[in-house]
Amino acid sequence: MRTSQVLIPTLREEPVEAETVSHKLMLRAGLIRKVAAGIYTYLPLGLRVIRKVEQIIREEMNRAGAQELLMPIASPAELWQETGRWNFYGKELIRLKDRHEREFCLGPTHEEVITDLFRREVRSYRQMPLNFYQIQTKFRDEIRPRFGLMRGREFIMKDAYSFDQDEASARVSYQKMYDAYQRIFTRCGLTFRAVEADTGLIGGSSSHEFMVLADTGENTIVYSDTGTYAANVEQAEVLPPMEMDTDAPRPLRAVQTPRCRTVEEVTKFLNVSPAHLVKTLLYSTGKETVAVLIRGDHEANEIKIQRLLRVTDLELATPAVVEQVTGAPVGFAGPVGLKDVRIIADHAIKALRNVVVGGNQLDTHYVDANSERDFHVEQFADLRSACAGDPSPRKDGTLKATRGIEVGHVFMLGTKYSELMKASFLDAQGKECLAVMGCYGIGVGRTAASAIEQNHDDKGIIWPFPIAPFHVHLLPLTKSDQTAQVTLQLYNDLQAAGLEVLWDDRDERAGVKFNDADLMGAPFQVVIGDKGLAEGVVEVKTRKDGVKLKMPPAQVATHLTRTHTS
RNA sequence: CGGGGCGUAGCGCAGCUCGGUAGCGCGCCUGCUUUGGGAGCAGGAUGUCGCAGGUUCGAAUCCUGUCGCCCCGACCA
């Protein structure tokens, strides 16, 4: 393709609206343009990348035995009411009414629609297992869209849904998708890791997220330094402490801690380590207020707390509630003498002796508090997030932490949707059974953006070959007949060799062409100019390492096909 | 939704305190020169100053409202 015949509006300056590398570069390299918050147009170059990622996904999904179909973007409210998600999904679901006042939503995901299809069309175990997928635009009215394609409100997703006769078979389907995902992200040139993830209130036995390792990731993952364990911190299990404090209990004392509210302030003032302070977090569940005790240097994990309490709604109590419950302003809550509130605690608390806790009174804390003697904990459980340095829950090493971008998620759904929507089939014994389901998502745009996060330098994008919008960027620098002739010849030769070629035929100076080519990030650049042609050569530059090779034009096609496959 | 910030030419910004002809750089158009890492000179085009009210002889500037966007926290591919 010739640059003069395609819209590639590169930007010289950094767009102010963009924060992350991938967002900046996607705008600067002319891949996308914003239409509204979290809603983008894919320009020709960006669309080529999207299509490449889609094609890789399509090939691997087909290879794994999934069949492609395409469901509608708009779906009727009734289906969503059947599963209760019409209400549960809340404001994230974009709703609309047709001319007859009938309610619809724009699909954020398609469990309802696919389950409806299954129950209408599938009768017998002989038709199973089944796995359907689609690559389609989704709408989620995100609270805060950001980072360009990383978190859009409208985005392209590959979603797949499997239907099996039983758990064992469902696990096979799940594993097939897991393996397909490994191949997909590997082919996209990403460094990633599959981690155990939260199964949330949906339940089910397994869930894995595929995390692209990048500092700009919105998730934290932990993994064993010597073993295979890896999980999202939200999910990662924390083992109960191995060793107990052996100090003899000292008598409880109240001390004045003027203007000390935070863990940092209190521990600094009292000169104790945060590991010997217990913070008391008050949570409202909608039904009651619960006190959660967490060691000062640990982080409460609200998902774990929700799971233990079996609630879907969990929020830190408002200052008014805190004051009502503790009789003191925020910052001085403690378990000692706390009335009418259940107290639950993280495992780590059990091991502690003589700790600092809030005094339930302004500017007051207790020191040398001990559980059972001074306060009663109803239940100890794993309630905190894992952190670097914790032992791996598989006992296969010590955990390390890193940031990740979630590009894919595979999920065992069990019978949640088949039960609610009565998606059943007849087994070999003629018995009616519920389909065991799985669902599997990949963010297409997010995958492309992640590739940029992992592959760029200060000049621009460095596309992995399989998803590059073009493989070769032809840069004729001079206007001689010879240059024109060689360029045209190369353009034809390289395309004949199966390479996708972008030909910068603009009347621009060398510097402009070089900079734009580096920005757009094709894996190879071929520079044609009178200087080289005088010696009978053109220059082949590899974007990744900047290495330049001189060779006769006739050798370029062979050289490139050999290089990129090696 | 809570907190912070911003809306002035295609892009990046100044002007706003203290009301009085709307500016700068880049880009764009024309011409000449230049041509291997973001050229030089000359000429030119481009704005309902986010929108709606109000105050005023007069509003980009002051007041009120509203919409949009960005950043920090709870969701997710």
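Here the structure is a predicted model, which means the values were calculated and not measured.

Engineer: Please explain the overall build of chain A as it appears in this structure.
Structural biologist: When helices and strands are tallied, chain A shows 16 helices and 31 strands. Overall, chain A is about 95 × 65 × 50 Å in size when its C-alpha atoms are taken along their principal axes. When each of the 566 residues of chain A is scored for burial, the buried share is 42%. Relative to all contacts within chain A whose residues are 6 or more apart in sequence, the contacts with residues 24 or more apart total 71%.

Engineer: Quick question: what am I supposed to make of the domain arrangement of chain A here?
Structural biologist: Many structure descriptions define interface size as the accessible area lost when the parts assemble. Under the domain assignment used here, chain A contains domain 1 (3–237 + 401–452), domain 2 (253–381) and domain 3 (470–565). Computed from C-alpha coordinates alone, the two centres of domain 2 and domain 3 are separated by 66 Å.

Engineer: How do you make sense of the protein's contact with RNA strand B when you look at a structure like this?
Structural biologist: Looking at RNA strand B, there are 49 residues lining it, with Gly443, Ala510, Gly511, Phe514 and Gly529 nearest. Where the surface near RNA strand B is concerned, the elements lending two or more residues are strand S8 (154–164), strand S21 (399–414), strand S24 (436–443), helix H12 (444–454), helix H14 (510–520) and helix H15 (530–534). Sort the elements by how many residues they give to the surface near RNA strand B and H14 lands first, with eight residues. Of the residues in the surface near RNA strand B, the class split is 17 nonpolar, 12 polar and 20 charged.

Engineer: Would you mind going over the sheet that holds strand S5 (residues 94–97) with me for this structure?
Structural biologist: Two modes of strand pairing occur in sheets, parallel and antiparallel, and in both the strands are linked by backbone hydrogen bonds. Strand order in this open sheet of three strands is S4-S6-S5, and the pairing throughout is antiparallel. Taken across any chain shown, the strands that pair with only one partner, and hence form the sheet edges, are strand S4 (74–76) and S5. Within the sheet, the average angular offset between the axes of one strand and its neighbour, ignoring direction, is 35°. In this structure, S4 lies alongside strand S6 (residues 103–106), joined through three bridges in antiparallel fashion. Bridging across to S6, Ala74 finds its partner in Leu106.

Engineer: Where do I start with the packing of helix H1 (residues 21–28) against H12 in this structure?
Structural biologist: When two helices pack together, their arrangement is given by the angle between the helix axes and the distance between those axes. Relative orientation of the contacting elements H1 and H12 amounts to 105°, with a least axis distance of 8 Å. By the criterion of interaxial angle, the relationship of H1 to H12 is roughly perpendicular. On H12, the residues that touch Val21, Ser22, Leu25 and Met26 of H1 are Ala449, Ile452 and Glu453. In terms of residue class, the contact of H1 with H12 is built from five nonpolar, one polar and one charged.

Engineer: Explain the pairing of S5 to me, please; I cannot follow it from the model alone.
Structural biologist: Two strands pair when backbone bridges link them, and S5 and S6 are joined in this way by four bridges, in the antiparallel orientation. Among the inter-strand pairings, Ile94 is bridged to a residue of S6, identified as Leu106. Counting the residues in the hairpin turn of S5 and S6 gives five residues, including Glu101, whose phi is positive at 70°.

Engineer: So what exactly am I meant to see when it comes to H1 here?
Structural biologist: Because each turn of an α-helix spans 3.6 residues, side chains separated by three or four positions end up pointing in the same direction. For H1, a buried count of seven out of eight residues is recorded, marking the element as mostly surrounded by other parts of the structure. Residues of H1 that are buried make contact with strand S1 (32–36), helix H2 (44–63), H12, strand S25 (456–457), strand S26 (460–461) and H14. Residue Gly30 follows H1 closely and has a positive phi angle near 75°.

Engineer: I would appreciate a short explanation of the nonpolar core in the present structure.
Structural biologist: In summary, soluble globular proteins display a tendency toward joint burial of nonpolar side chains. Residues Leu474 and Val526 are the most contacted members of the largest nonpolar core, which totals 109 residues. Inspection of this core shows a minimum of three residues originating in each of domain 1 (3–237 + 401–452) and domain 3 (470–565). Beyond its immediate chain neighbours, meaning those up to four positions away, Leu474 contacts Thr487, Leu490, Tyr491, Val501, Leu502, Trp503, Asp504, Val526 and Ile528. Counting residues in each nonpolar core, the second largest holds 28 residues, with Val290, Ala317, Leu352 and Val355 among its members.

Engineer: When you look at the packing of H2 against H12 in this model, what are you seeing that I'm missing?
Structural biologist: With their axes 9 Å apart at the nearest point, H2 and H12 run at an angle of 110° to one another. On the basis of the axis angle, H2 is roughly perpendicular to H12. For the pair H2 and H12, contact is made by Val49, Ile50, Val53 and Glu54 and by Val444, Gly445, Thr447 and Ala448, respectively. Split by residue class, the contact of H2 with H12 holds five nonpolar, two polar and one charged.

Engineer: When you look at the confidence of the model for chain A in this model, what are you seeing that I'm missing?
Structural biologist: When pLDDT is low, close inspection of the predicted coordinates is not appropriate. On average, residues of chain A carry a pLDDT of 92, and 99% of them reach 70 or more. In the predicted complex, the global pTM is 0.93; the interface-specific ipTM is 0.92.

Engineer: In this structure, what is going on with the environment of Val290? I would like to understand it.
Structural biologist: Within the secondary structure layout, Val290 lies in strand S15 (residues 289–295). In this structure Val290 comes out as buried when scored by C-beta crowding, with 21 C-beta atoms within 10 Å. On a C-alpha basis, the gap between Val290 and His110 in space is 36 Å, while along the polypeptide they are 180 residues apart. Excluding anything up to four places from it in sequence, Val290 contacts Tyr283, Thr285, Leu309, Val341, Arg342 and Ile344.

Engineer: Where do I start with the pairing of strand S14 (residues 278–284) in this structure?
Structural biologist: Along a regular strand, successive side chains alternate from one face of the sheet to the other. Across seven bridges, S14 lies against S15 in antiparallel orientation. Note on S15: the bridge partner recorded for Ser284 is Thr289. Connecting S14 to the antiparallel partner S15 that follows it, the hairpin turn spans four residues, and Gly286 within it adopts a positive phi of roughly 100°. Relative to strand S16 (residues 315–316), S14 is paired through two bridges, and the arrangement is antiparallel. Bridging from a neighbouring strand, Tyr283 pairs with Leu316 of S16.

Engineer: Would you mind going over the sheet that holds strand S28 (residues 501–503) with me for this structure?
Structural biologist: Pairing is mixed across the open sheet formed by five strands, whose spatial order is S28-S27-S29-S30-S31. The open sheet has two free edges, formed respectively by S28 and strand S31 (548–551), since each of these has just one partner strand. Adjacent strand axes in the sheet meet at a mean angle of 20°, parallel and antiparallel pairs treated alike. Inspection of the sheet shows strand S27 (residues 472–476) paired to strand S29 (residues 524–528) by five bridges, in the parallel sense. Note that in S29 the partner of Leu474 across the bridge is Val526. Against the sheet, H14 makes contact with S27 and S29, and its axis sits at roughly 175° relative to S27, the strand it touches most. Docked against the sheet, helix H16 (residues 553–565) engages S27, S29, strand S30 (538–542) and S31, running at close to 20° with respect to S30.

Definitions and cut-offs
- What you see as residue numbers is a count from 1 along each chain, following the sequence as written.
- Here every chain gets a letter starting at A, and every ligand a number starting at 1, in the order they are written.
- Per-residue local features of the predicted model are confined to residues with pLDDT of at least 70, and side-chain atom pairs are confined, for both listing and counting, to 80 or more; whole-chain, interface and lining totals are unaffected and use all residues.
- By the criteria applied, helices consist of DSSP H or I runs no shorter than four residues and strands consist of E runs no shorter than two, each listed in order from the N terminus.
- Residues with at least 20 neighbouring C-beta atoms inside 10 Å of their own are called buried, those with 12 or fewer are called exposed, and the rest are partly exposed, where every C-beta is derived from the backbone.
- We call two residues in contact when their backbone-placed C-beta atoms lie within 7 Å.
- All domain edges in this entry derive from an automatic or database-based domain assignment.
- Each residue gets a C-beta atom placed from its backbone. Should that atom fall within 6 Å of a molecule or strand, the residue is termed near it.
- Residues are sorted three ways: Asp, Glu, Lys and Arg are charged, Ala, Val, Leu, Ile, Met, Phe, Trp, Tyr, Cys and Pro are nonpolar, and all the rest, Gly among them, are polar.
- For two strands to count as paired, DSSP must find a minimum of two bridges between them.
- Axis angles are defined between N-to-C directions and span 0 to 180 degrees, where every axis is a line fitted to C-alpha atoms and, for a helix, only to the segment in contact.
- For classification, angles of less than 35 degrees are called roughly parallel, those exceeding 145 degrees roughly antiparallel, those between 65 and 115 degrees roughly perpendicular, and all remaining angles oblique.
- In this description, a nonpolar core means buried residues of the types Ala, Val, Leu, Ile, Met, Phe, Trp, Tyr and Cys, linked to one another by C-beta atoms lying within 7 Å.
- Each residue gets a pLDDT score, which is the predictor's confidence in that residue and runs from 0 to 100.

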